[in-house]
Amino acid sequence: MLLFNEKDLFTTGSGVLKNFDLPDLGFMLYEGFIPKEDADAYYHHLLHITPWREYQMPMYDKIGIAIVY
C-alpha cells in the first residue's frame, strides 16, 4: 500500500530508502523525509502532549489492550 500516488516525491532528493523484511508487514523507511527538527517536534508532541489512554477490549474470547487518544 502506498500513501501517495506521486512517485517523484520519493525519487528526488538525498533521502535513503530502506526496506525491512518483517513477517506479515511491509515497512519502508524514507530517511530524510521529514527534517529532524520537525520529526523531533512531532515525537515530543505525541509522547508528552497527546492525551493517550489505555483500555481493555474483549475480542474473540480474549482481552486485548488498545491504546488510543
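Look above for the structure.
Treat the numbers as computed from the prediction; the structure is a model and nothing was measured.

**So, the layout of surface pockets**
Taken as a whole, the second largest pocket encloses approximately 150 Å³ of empty space. Taken together, the residues of the lining of the second largest pocket sort by class into six nonpolar, one polar and one charged.

**Examining the environment of Phe33**
Position of Phe33 relative to the elements: it lies in the loop between β2 (25-30) and α2 (36-49). By relative accessible area, Phe33 is classed as partly exposed at 41%. With 17 residues separating them in the primary sequence, Phe33 and Val16 have C-alpha atoms 8.9 Å apart.

**Re unusual backbone geometry**
Residue Asp24 is not a glycine yet carries a positive backbone phi of 60°. By secondary structure assignment, the location of Asp24 is in the loop between β1 (17-22) and β2. The exposure class assigned to Asp24 is exposed, which follows from its relative accessible area of 85%. Its identity is not glycine, yet Asp61 carries a phi of approximately 65°, on the positive side. Tracing the backbone shows Asp61 in the loop between β3 (53-59) and β4 (62-68). According to the relative accessible area criterion, Asp61 is exposed, its value standing at 86%.

**Description of the packing of aromatic side chains**
Under the defined criterion, the tally for this structure stands at one aromatic pair. Between the aromatic rings of Phe20 and Phe27, the centroid separation amounts to 5.3 Å while the plane-to-plane angle is 55°, which identifies the pairing as tilted. Of the residues examined, Phe27 reaches a relative accessible area of 38% and is grouped as partly exposed.

**Concerning a nonpolar patch on the surface**
On the surface, a nonpolar cluster with roughly 420 Å² of combined accessible area is contributed by Phe20, Leu22, Leu25, Phe27 and Leu29. Every element with two or more residues in the nonpolar patch is listed here: β1 and β2. The element best represented in the nonpolar patch is β2, accounting for three residues. Looking at the secondary structure, you find Phe27 in strand β2.

The rules behind these values
- Residues numbered from 1 in each chain as written.
- Predicted model: local features only at pLDDT ≥ 70, side-chain atom pairs only at ≥ 80, totals over all residues.
- Heavy atoms only, no water.
- 1 Å grid on protein atoms, 1.4 Å probe; cavity = no way out; pocket = protein on both sides within 12 Å on 5 of 7 lines; lining within 4 Å.
- Points joined across faces, edges and corners; volume = space filled by probe spheres on them.
- Nonpolar A, V, L, I, M, F, W, Y, C, P; charged D, E, K, R; others polar.
- Helix = DSSP H or I, 4+ residues; strand = E, 2+ residues; numbered from the N terminus.
- Buried < 20%, exposed > 50% of the residue type's maximum accessible area, 1.4 Å probe, protein only.
- Phe/Tyr/Trp six-rings, centres within 6.5 Å; stacked < 30°, edge-to-face > 60°.
- Patch = residues over 30% accessible without salt bridge, like charges linked within 9 Å, V, L, I, M, F, W, Y side chains within 5 Å.
- Areas by Shrake-Rupley, 256 points an atom, 1.4 Å probe, with all protein chains shown as cover.
- Salt bridge = Lys/Arg side-chain N within 4 Å of Asp/Glu carboxyl O.

Interpretation note: all reported values are geometric properties and have no functional meaning in isolation.
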